[in-house]
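# Architecture at a glance
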Amino acid sequence: MTDQNQAELSALFQSMGGAEGPVSMEHAREAILIEREDLPYISLPDGSQVQLLQVDLTNNLWIVRSRFKPGFCVDTHYHTGTVYAFTESGEWYYKEYPKLINKAGSYLFEPAQSVHTLTVADNATEDAVVTFVINGCNVNVDDKGNVTSIIDAQTILKIYQTLCQAQGMNPDGVIVIE
(Lines give C-alpha, C1' and ligand atoms only; values in the text may rest on other atoms or scores of the structure.)
Protein backbone atom coordinates (compact mmCIF):
# COMPACT_ATOMS: atom_id res chain seq x y z
CA MET A 1 0.00 0.00 0.00
CA THR A 2 1.34 3.40 -0.91
CA ASP A 3 1.80 6.20 1.61
CA GLN A 4 -1.02 8.10 -0.11
CA ASN A 5 -3.37 5.08 0.17
CA GLN A 6 -2.42 4.69 3.83
CA ALA A 7 -3.13 8.38 4.50
CA GLU A 8 -6.50 8.20 2.74
CA LEU A 9 -7.43 5.08 4.68
CA SER A 10 -6.41 6.68 7.99
CA ALA A 11 -8.50 9.77 7.18
CA LEU A 12 -11.47 7.59 6.31
CA PHE A 13 -11.27 5.69 9.60
CA GLN A 14 -10.95 8.94 11.56
CA SER A 15 -14.04 10.36 9.83
CA MET A 16 -16.03 7.33 11.00
CA GLY A 17 -15.47 8.31 14.66
CA GLY A 18 -19.14 8.37 15.70
CA ALA A 19 -20.76 9.61 18.89
CA GLU A 20 -18.73 10.73 21.85
CA GLY A 21 -18.60 8.74 25.04
CA PRO A 22 -18.66 5.01 25.73
CA VAL A 23 -21.13 2.63 24.15
CA SER A 24 -23.61 1.30 26.69
CA MET A 25 -23.41 -2.45 27.16
CA GLU A 26 -26.45 -2.52 29.42
CA HIS A 27 -28.73 -4.15 26.87
CA ALA A 28 -26.12 -6.00 24.84
CA ARG A 29 -27.24 -9.36 23.48
CA GLU A 30 -25.25 -12.52 23.15
CA ALA A 31 -24.62 -14.02 19.70
CA ILE A 32 -26.32 -17.33 18.90
CA LEU A 33 -24.15 -20.09 17.46
CA ILE A 34 -25.60 -23.09 15.64
CA GLU A 35 -23.16 -25.91 14.97
CA ARG A 36 -23.82 -28.21 12.00
CA GLU A 37 -24.97 -31.02 14.32
CA ASP A 38 -27.26 -28.82 16.47
CA LEU A 39 -30.21 -29.05 14.09
CA PRO A 40 -31.37 -32.05 12.11
CA TYR A 41 -31.54 -32.35 8.36
CA ILE A 42 -35.04 -33.39 7.36
CA SER A 43 -35.91 -35.26 4.18
CA LEU A 44 -38.35 -33.50 1.89
CA PRO A 45 -40.71 -35.34 -0.48
CA ASP A 46 -38.60 -34.28 -3.49
CA GLY A 47 -35.56 -36.17 -2.16
CA SER A 48 -33.60 -33.17 -0.94
CA GLN A 49 -32.70 -32.52 2.68
CA VAL A 50 -32.96 -29.24 4.53
CA GLN A 51 -31.69 -27.87 7.82
CA LEU A 52 -33.62 -24.75 8.83
CA LEU A 53 -31.29 -22.39 10.67
CA GLN A 54 -33.34 -19.22 11.13
CA VAL A 55 -36.62 -17.57 10.25
CA ASP A 56 -37.59 -13.94 10.68
CA LEU A 57 -41.38 -14.02 10.50
CA THR A 58 -41.74 -10.23 10.54
CA ASN A 59 -39.45 -9.70 7.54
CA ASN A 60 -40.18 -12.99 5.74
CA LEU A 61 -36.51 -14.01 5.81
CA TRP A 62 -35.38 -17.63 6.06
CA ILE A 63 -32.00 -19.28 6.11
CA VAL A 64 -31.61 -22.93 5.18
CA ARG A 65 -28.76 -25.32 4.58
CA SER A 66 -29.78 -27.73 1.81
CA ARG A 67 -28.32 -31.01 0.66
CA PHE A 68 -28.93 -32.23 -2.89
CA LYS A 69 -27.90 -35.66 -4.23
CA PRO A 70 -26.37 -36.18 -7.69
CA GLY A 71 -29.09 -36.01 -10.35
CA PHE A 72 -31.36 -33.82 -8.21
CA CYS A 73 -33.46 -31.07 -9.79
CA VAL A 74 -35.84 -28.70 -7.97
CA ASP A 75 -39.05 -27.28 -9.38
CA THR A 76 -38.58 -24.22 -11.54
CA HIS A 77 -39.17 -21.20 -9.33
CA TYR A 78 -38.49 -17.56 -8.61
CA HIS A 79 -38.17 -15.54 -5.44
CA THR A 80 -40.05 -12.37 -4.59
CA GLY A 81 -36.89 -11.01 -2.91
CA THR A 82 -33.15 -11.46 -3.17
CA VAL A 83 -31.36 -14.71 -2.37
CA TYR A 84 -27.75 -15.26 -1.32
CA ALA A 85 -26.29 -18.74 -1.85
CA PHE A 86 -23.07 -20.09 -0.35
CA THR A 87 -21.90 -23.48 -1.67
CA GLU A 88 -20.13 -25.56 0.97
CA SER A 89 -19.47 -28.73 -1.01
CA GLY A 90 -20.31 -30.40 -4.29
CA GLU A 91 -21.45 -28.47 -7.32
CA TRP A 92 -24.71 -27.36 -8.91
CA TYR A 93 -26.04 -25.02 -11.56
CA TYR A 94 -29.24 -23.56 -12.91
CA LYS A 95 -30.66 -25.38 -15.92
CA GLU A 96 -31.15 -21.97 -17.51
CA TYR A 97 -27.44 -21.10 -17.05
CA PRO A 98 -25.57 -24.42 -17.37
CA LYS A 99 -22.13 -22.82 -17.73
CA LEU A 100 -22.35 -21.03 -14.37
CA ILE A 101 -21.38 -23.88 -12.07
CA ASN A 102 -21.47 -23.25 -8.33
CA LYS A 103 -18.65 -25.11 -6.58
CA ALA A 104 -17.44 -25.36 -2.99
CA GLY A 105 -16.51 -21.87 -1.81
CA SER A 106 -18.60 -20.04 -4.40
CA TYR A 107 -21.16 -17.33 -3.71
CA LEU A 108 -24.21 -16.63 -5.86
CA PHE A 109 -26.51 -13.61 -5.78
CA GLU A 110 -30.02 -14.04 -7.14
CA PRO A 111 -31.94 -10.85 -7.84
CA ALA A 112 -35.67 -10.88 -7.13
CA GLN A 113 -37.76 -12.42 -9.95
CA SER A 114 -34.87 -14.50 -11.31
CA VAL A 115 -36.49 -17.67 -12.70
CA HIS A 116 -34.35 -20.79 -12.40
CA THR A 117 -34.20 -24.56 -11.91
CA LEU A 118 -31.51 -25.73 -9.49
CA THR A 119 -29.82 -28.85 -10.87
CA VAL A 120 -27.09 -31.23 -9.71
CA ALA A 121 -25.46 -33.18 -12.52
CA ASP A 122 -26.17 -36.92 -12.71
CA ASN A 123 -22.44 -37.63 -12.68
CA ALA A 124 -21.66 -35.44 -9.63
CA THR A 125 -19.30 -37.20 -7.24
CA GLU A 126 -20.79 -35.81 -4.02
CA ASP A 127 -23.86 -34.12 -2.61
CA ALA A 128 -24.17 -30.39 -3.13
CA VAL A 129 -24.50 -28.62 0.23
CA VAL A 130 -25.66 -25.02 -0.08
CA THR A 131 -26.74 -22.39 2.45
CA PHE A 132 -29.43 -20.02 1.18
CA VAL A 133 -30.46 -16.71 2.72
CA ILE A 134 -33.91 -16.12 1.24
CA ASN A 135 -35.79 -12.84 1.39
CA GLY A 136 -39.48 -13.15 0.58
CA CYS A 137 -41.34 -16.04 -0.99
CA ASN A 138 -40.24 -18.98 -3.14
CA VAL A 139 -42.80 -19.28 -5.94
CA ASN A 140 -42.78 -22.62 -7.78
CA VAL A 141 -44.08 -22.59 -11.34
CA ASP A 142 -44.86 -25.21 -13.98
CA ASP A 143 -43.50 -25.20 -17.55
CA LYS A 144 -46.26 -22.76 -18.61
CA GLY A 145 -45.48 -20.32 -15.80
CA ASN A 146 -48.49 -21.23 -13.67
CA VAL A 147 -47.92 -21.00 -9.91
CA THR A 148 -47.95 -24.47 -8.33
CA SER A 149 -46.95 -23.54 -4.75
CA ILE A 150 -45.56 -20.74 -2.61
CA ILE A 151 -43.21 -21.13 0.35
CA ASP A 152 -42.42 -18.33 2.78
CA ALA A 153 -40.72 -18.09 6.18
CA GLN A 154 -43.82 -19.14 8.10
CA THR A 155 -44.49 -22.07 5.77
CA ILE A 156 -40.92 -23.40 5.89
CA LEU A 157 -40.95 -23.19 9.69
CA LYS A 158 -44.17 -25.20 9.88
CA ILE A 159 -42.89 -27.74 7.31
CA TYR A 160 -39.61 -28.13 9.21
CA GLN A 161 -41.30 -28.51 12.60
CA THR A 162 -43.87 -30.99 11.25
CA LEU A 163 -41.32 -33.14 9.40
CA CYS A 164 -38.89 -33.09 12.34
CA GLN A 165 -41.62 -34.39 14.62
CA ALA A 166 -42.74 -36.99 12.06
CA GLN A 167 -39.13 -38.16 11.65
CA GLY A 168 -38.53 -38.22 15.44
CA MET A 169 -36.22 -35.21 15.51
CA ASN A 170 -36.17 -32.01 17.56
CA PRO A 171 -36.56 -28.65 15.72
CA ASP A 172 -36.24 -26.48 18.84
CA GLY A 173 -32.82 -24.99 18.00
CA VAL A 174 -34.09 -22.97 15.03
CA ILE A 175 -33.67 -19.23 15.60
CA VAL A 176 -37.17 -17.76 15.30
CA ILE A 177 -37.64 -13.99 15.23
CA GLU A 178 -41.24 -12.87 15.52
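Note: the structure precedes this text.
Description of the structure in this document. These figures come from a predicted structure and were not determined experimentally. (Residues numbered from 1 in each chain as written. Predicted model: local features only at pLDDT ≥ 70, side-chain atom pairs only at ≥ 80, totals over all residues. Heavy atoms only, no water.)

## Some points on the side chain of Asn-138
You can see Asn-138 is positioned in strand β11 (residues 138-141). With a relative accessible area of 9%, Asn-138 lands in the buried category. A polar side-chain atom of Asn-138 sits 3.1 Å from a polar atom in the side chain of Asn-140. Not counting chain neighbours up to four residues away, the residues in contact with Asn-138 comprise Trp-62, His-77, Tyr-78, His-79, Ser-149, Ile-150 and Ile-151. (Helix = DSSP H or I, 4+ residues; strand = E, 2+ residues; numbered from the N terminus. Buried < 20%, exposed > 50% of the residue type's maximum accessible area, 1.4 Å probe, protein only. Polar contact = N/O pair within 3.5 Å; in protein donor to acceptor, adjacent residues only side chain to side chain. Contact = heavy atoms within 4.5 Å.)

## Concerning the pattern of salt bridges
One pass over the full model with this rule turns up three salt bridges. Among the salt bridges present, the one from Arg-65 reaches Glu-88, with a minimum N-O distance of 2.9 Å. One end of the pair, Arg-65, is in strand β3 (residues 61-68); the other, Glu-88, is in strand β5 (residues 83-89), with 23 residues separating them in the sequence. The partner of Lys-69 in a salt bridge is Asp-127, with the nearest N and O atoms 3.3 Å apart. Linking Lys-69 in the loop between β3 and β4 (77-79) with Asp-127 in the loop between β9 (118-119) and β10 (128-135), this pair joins segments that are 58 residues apart in sequence. With relative accessibility at 47%, the residue Lys-69 sits in the partly exposed group. Each of Arg-36, Arg-65 and Glu-88 takes part in a single network of salt bridges with overlapping partners. (Salt bridge = Lys/Arg side-chain N within 4 Å of Asp/Glu carboxyl O.)

## Thoughts on the sheet that holds β9
Spatial ordering of the open sheet is given by β7-β6-β9, a layout of three strands whose pairing is antiparallel. Of all the strands in the sheet, the pair left with one neighbour each is β7 (97-103) and β9. Both strand β6 (residues 91-94) and β9 contribute to a ladder of two bridges, which runs antiparallel. Of the residues in β9, the one forming a bridge with Tyr-93 is Thr-119. (Pairing = 2+ DSSP bridges.)

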